[in-house]
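Here's the letter readout for the chains.
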Amino acid sequence: MKEPEYQKDEPSREGQETPAGTVPGLPDIATIIAEEIRAAEGEAAVAAAGTVPPPEPDKTLKKRPVWLHLVILFFQILFLTPLYAAILAGAVGAGVGWYYFDGSAELNLGLVARPGIGALVKDAKGFEIGRAGSMNRVLITREDIPPHFVDALIAAEDQRFFVHPGFDPVGSFRAALANLRSEAIKEGGSTLTQQLARDVYRLEGRNIDRKLSEIAAAVRIEEVYSKDEILVHYLNRIYFGSGFYGLGSAARGYFGKKASELTLDESALICGVIPSPSRYSPFVSTVRAKENRDQTLRRMLETGKLSAADFDRYLAMETKVASSREDSLKRGQISYLIGRIERELREEIATWPEPPESLDGYTLETSVDLAAQQETAKAIDRHLAGLADEAGRENPLEAAFVLLENATGQILVSVGSRDYQRSEYDRAVEMKRPPGSAFLPFLYAAAYENPPFTPSTILLDAPFDNREMGLGAVGGILGEWSTENPANRWEGEITAAEALTKSKNSPSARLGQLVGLERLRRVARASGINSELRGIPGSLLGASEASLTELTRAYTVFANGGTPAPAPRLIREIRDSFGKVVARPSANAPARALRESTARSVASALPAVSAVPGARGKSGTTPTFTDAWHFGFSGTHTWGLWIGRDRFSPIRPLAFGSEIAQPLAETLAAGVVAPGPVAASSEP
């Protein structure tokens, strides 16, 4: 058989001994090295002689194939590119980090230890309401914090608190992973120190710039303060829901005890509130509060701060909060007033040429009557509880009430929520709803301001197609522009004054079409209704939204003979630590909105308020029965009440304002307003 070509040139090795360390069939490494050395010496000698022979072809080495080059290039990209990218990212990250860290050098770190006691707030009778500028805190020391509270806080919020330098990449990664697994935001990536920095330096928003500033500030704080000090400052500042700022305030508000007296399950519940105080407060949702308490207990078990037996025991335990309804309502109104006064105070201080560094020692004299405020909240709660509430817990009935001075606009009572500890939404200011038929006095005022309309003008009270106004009213009742009474009776030709007195929608709709929306807009704006009247026919009859406070102020135009009260406010005057009056906040005196004869004509046509002798009032209902209103005024005060639901749905079938809102509004006003004649109630 023919020999393979590669074997022909190679001498036979049969009978020869293979040297140790060699492999049969492969060339001897030592021989190859020796040949290479001899070849190199020969090349050197030839070079020295000045002649260079042509290179001989390499018979042993072959050129790499193209595919091998591609494979090597692939693995270089695969393994070296991430390394280069990591080095580049690290360099950029270090540069960015240093930029923010260097920028934080100007921070006043002394602010961390000074939450402040704020300004003393007094009501109209001199009683202390609380403190503004300090969020009404109850300050604590390290000795006031139970060890199990620290364990619960660390387990729930920052498990590497005692080892990280202010920020924790490991914790952030763990939180991101947990949130990814649960497909929801279950854990936050900010450390306790970052949360403290965010509160001290008012770092708002969710962008990367805010986050990096927060981290830099946290590192600075860790350089100056010990971990124990950071814990104390954090717990004196953090918000725990339902108006409670700081652990001292939360312990007293939720459990009626000092922070040092908290039990382990109470500590776990309070710590569970931190991620979302407005949702997880036990006063808002006992179910969510318990779920978060249990989650905190579970983390304490995972971190070794709770045994399995204790975990099971606490898990089965019911953590009871101080649930007295009356106490809750009283505390809630204090928190509500402080929050409202603080917003007013910030607006006032923003106008000062040199704002003070601290409000400690300042005193705020207000016009609010704290006792009346709290009694009003209780009366509203009782009234709503007595109404049939078919919507149940998902969309409960709510109410708001405002009572102010006609001459000054100062507020004596402003209740923005049925129970502020359950809902912090201020319906007296922030909420806007259509006033419905409570808006009719402004339509008649706009008519009387423009001849030939007068209170004696004849209007037609007859069936009217509501599609012309586009209100979507309930057919057969308000849908046919009847009175606020299911027993409809058309009266034919009647005077404008009589139509207003009886709140007749059919003649009012006809009058509105003659007056026009632009004339009505001018009167509403001059009276203090800053919300825009939408360009729809229904706006003539109260289809455009406005807030309770601006509508109440607008009604003062009838009590004041044509001039509305100044913009409503709570603060009368501000005194510094030496007792000197530094400001008396007051809005600019408003211009006259109506002729005195117009104001008197409208006022005299409104029904008398039986509970407040000499007063006049007007109830209101929206065509879909979602909102019930009542407004009233005497010679000294004006008030307004709204009842409805946060999510638009009927209060109940045929929920007229005259039945739902008027009796409560008159009772509330009678408890505060002294009897007296209405300034503009006489006939023109």
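Residues numbered from 1 in each chain as written. Predicted model: local features only at pLDDT ≥ 70, side-chain atom pairs only at ≥ 80, totals over all residues. Heavy atoms only, no water.

Undergrad: Describe the overall build of the protein, listing the residues and the values that go with them.
TA: Regarding its fold elements, the protein presents 23 helices and 14 strands. Expressed as a percentage of its 684 residues, the buried residues of the protein come to 48%. Within the protein, counting contacts between residues at least 6 apart in sequence, those at least 24 apart form 71% of the total. Roughly 33800 Å² of accessible area belongs to the protein as shown, and the carbon and sulfur atoms make up 56% of that amount. (Helix = DSSP H or I, 4+ residues; strand = E, 2+ residues; numbered from the N terminus. Buried < 20%, exposed > 50% of the residue type's maximum accessible area, 1.4 Å probe, protein only. Contact = heavy atoms within 4.5 Å. Areas by Shrake-Rupley, 256 points an atom, 1.4 Å probe, with all protein chains shown as cover.)

Undergrad: Outline the side chain of arginine 645, listing residues and values.
TA: By the element assignment, arginine 645 lies in strand 14 (residues 637-645). Exposure remark for arginine 645: the relative accessible area of 2% places this residue in the buried category. At 2.9 Å, the side chain of arginine 645 forms a polar contact with the backbone oxygen of isoleucine 651. (Polar contact = N/O pair within 3.5 Å; in protein donor to acceptor, adjacent residues only side chain to side chain.)

Undergrad: Can you explain the nonpolar core? Please cite residues and give values.
TA: Residues Leu364, Phe442, Tyr444, Leu520 and Phe558 are the most contacted members of the largest nonpolar core, which totals 74 residues. Looking at which element gives the most residues to this core, the answer is helix 16 (residues 440-448), with 8 residues. Leucine 520 has contacts with Phe439, Phe442, Leu443, Ala446, Leu533, Ser539 and Leu540, leaving out every residue within four places of it along the chain. Counting residues in hydrophobic clusters, the runner-up holds 49 residues, among them Val200, Ala268, Leu269 and Ile270. (Core = buried A, V, L, I, M, F, W, Y, C linked by side-chain atoms within 4.5 Å.)

Undergrad: So what about the sheet that holds strand 10 (residues 571-575)? Which residues, and what values?
TA: Reading across from one edge, 2-1-3-10-11 is the order of the 5 strands in this open sheet, with mixed pairing throughout. In this open sheet, the two strands that pair with only one neighbour each are strand 2 (128-132) and strand 11 (581-583). On average, adjacent strands in this sheet sit at an angle of 30° to one another, irrespective of strand direction. Summarising the sheet, strand 1 (residues 119-122) and strand 2 pair through 4 bridges and their orientation is antiparallel. Each bridged residue has a counterpart across the sheet, and for valine 121 the counterpart in strand 2 is glycine 130. In the packing of helix 14 (residues 325-349) onto the sheet, the strands contacted are strand 1, strand 2, strand 3 (363-366), strand 10 and strand 11, and the crossing angle to strand 2 comes to about 50°. (Pairing = 2+ DSSP bridges. Axes fitted to C-alpha atoms, helices over the stretch in contact; angles between N-to-C directions.)

Undergrad: Quick one: what's the story with the packing of aromatic side chains, residue by residue and with numbers?
TA: Taken as a whole and assessed by the stated rule, the structure comprises 16 aromatic pairs. Relative to phenylalanine 162, the ring of phenylalanine 161 has its centre 5.0 Å away and its plane inclined at 75°; by these criteria the two rings are edge-to-face. Judged by its relative accessible area of 0%, phenylalanine 161 is buried. An aromatic cluster is defined as three or more aromatic residues linked by ring pairs; in this entry it consists of Phe439, Phe442, Tyr555, Phe558, Trp629, Phe631 and Phe633. Directly above the ring of phenylalanine 161 sits lysine 227, whose terminal nitrogen or CZ lies 4.5 Å from the centroid. (Phe/Tyr/Trp six-rings, centres within 6.5 Å; stacked < 30°, edge-to-face > 60°. Lys NZ or Arg CZ within 6 Å of the ring centre and 35° of its normal.)

Undergrad: Which residues make up the sheet that holds strand 4 (residues 397-405), and what are the values?
TA: Strand order across the open sheet formed by 5 strands is 5-4-14-13-12, with antiparallel pairing between neighbours. The sheet is open, and its two borders are formed by strand 5 (411-415) and strand 12 (616-621), each paired with just one other strand. Direction aside, the axes of adjacent strands within the sheet are offset by 10° on average. Sheet topology note: the strand 4/strand 14 ladder contains 9 bridges and is antiparallel. By the bridge assignment for strand 14, phenylalanine 401 is matched with leucine 641.

Undergrad: Which residues make up the pairing of strand 3, and what values go with them?
TA: Of the strand pairs in this sheet, strand 1 and strand 3 are connected by 3 bridges, and their pairing is parallel. Counted as the bridge partner of leucine 120 is threonine 363 from strand 3. By the bridge criterion, 4 bridges tie strand 3 to strand 10 in an arrangement that is antiparallel. The residue of strand 10 that forms the bridge with threonine 363 is arginine 575.

Undergrad: Can you lay out helix 16 for me, pointing to particular residues and giving the numbers?
TA: Counting buried positions along helix 16 gives 9 out of 9 residues, so the element sits mostly inside the fold. Listed as buried for helix 16 are Leu440, Pro441, Phe442, Leu443, Tyr444, Ala445, Ala446, Ala447 and Tyr448.

Undergrad: So what's going on with the confidence of the model for the protein? Residues and values would help.
TA: A residue-level look at the protein finds 78% of positions with pLDDT of 70 or above and a mean pLDDT of 84. Counted against residues more than four places away or in other chains, residues 1-27, with its pLDDT under 50, gives 4 contacts. For residues 679-684, every residue scores under 50 in pLDDT, and the model assigns this stretch 19 contacts once sequence neighbours within four places are set aside. (pLDDT = per-residue confidence, 0-100.)

Undergrad: Got a sec to walk through helix 4 (residues 147-157)? Specific residues and values, please.
TA: Within helix 4, 8 of the 11 residues are buried, leaving the element largely enclosed by the surrounding structure. Considered for burial, the residues of helix 4 that qualify are Phe149, Val150, Ala152, Leu153, Ile154, Ala155, Ala156 and Glu157. Next to the buried residues of helix 4 lie helix 6 (192-200), helix 8 (227-237), helix 9 (247-255), helix 10 (264-273) and helix 12 (286-302).

Undergrad: I'd like a description of the environment of glutamine 374, backed by residues and values.
TA: Residue placement: glutamine 374 occurs in helix 15 (residues 370-386). Note: C-alpha distance between glutamine 374 and leucine 329 (45 residues apart in sequence) is 7.0 Å. At a separation of 3.3 Å, a polar atom in the side chain of glutamine 374 contacts the main-chain carbonyl oxygen of lysine 330.

Undergrad: So, the pattern of salt bridges: which residues are in play, and what are the values?
TA: Taken as a whole, this structure holds 34 salt bridges when the rule is applied. Aspartate 646 is paired through a salt bridge with arginine 427; the nearest N and O atoms lie 2.8 Å apart. Note that aspartate 646 is positioned in the loop between strand 14 and helix 22 (657-660) and arginine 427 in the loop between strand 5 and strand 6 (432-433), a separation of 219 residues in sequence. Residue classification places arginine 427 among the buried residues on the basis of a relative accessible area of 0%. One salt-bridge network, held together by shared partners, links Arg325, Asp381, Arg418, Asp419 and Arg422. (Salt bridge = Lys/Arg side-chain N within 4 Å of Asp/Glu carboxyl O.)

Undergrad: Can you lay out a nonpolar patch on the surface for me, pointing to particular residues and giving the numbers?
TA: On the surface, Trp67, Val71, Phe74 and Phe75 cluster together into a nonpolar patch covering about 440 Å² of accessible area. Along the chain, tryptophan 67 falls in helix 3 (residues 66-103). For tryptophan 67, a relative accessible area of 57% corresponds to the exposed category. (Patch = residues over 30% accessible without salt bridge, like charges linked within 9 Å, V, L, I, M, F, W, Y side chains within 5 Å.)

Undergrad: Can you explain unusual backbone geometry? Please cite residues and give values.
TA: Cis geometry marks the peptide bond from proline 451 to proline 452; its omega dihedral reads 15°. Along the chain, proline 452 turns up in the loop between helix 16 and strand 7 (458-461). Here the phi dihedral of serine 242 falls at roughly 55°; this positive angle occurs in a residue that is not glycine. Assignment of secondary structure puts serine 242 in the loop between helix 8 and helix 9. For serine 242, a relative accessible area of 1% puts it in the buried group. Positive phi values are uncommon outside glycine, yet phenylalanine 625 reaches one of about 60°. Mapped onto the secondary structure, phenylalanine 625 falls in the loop between strand 12 and strand 13 (627-633).

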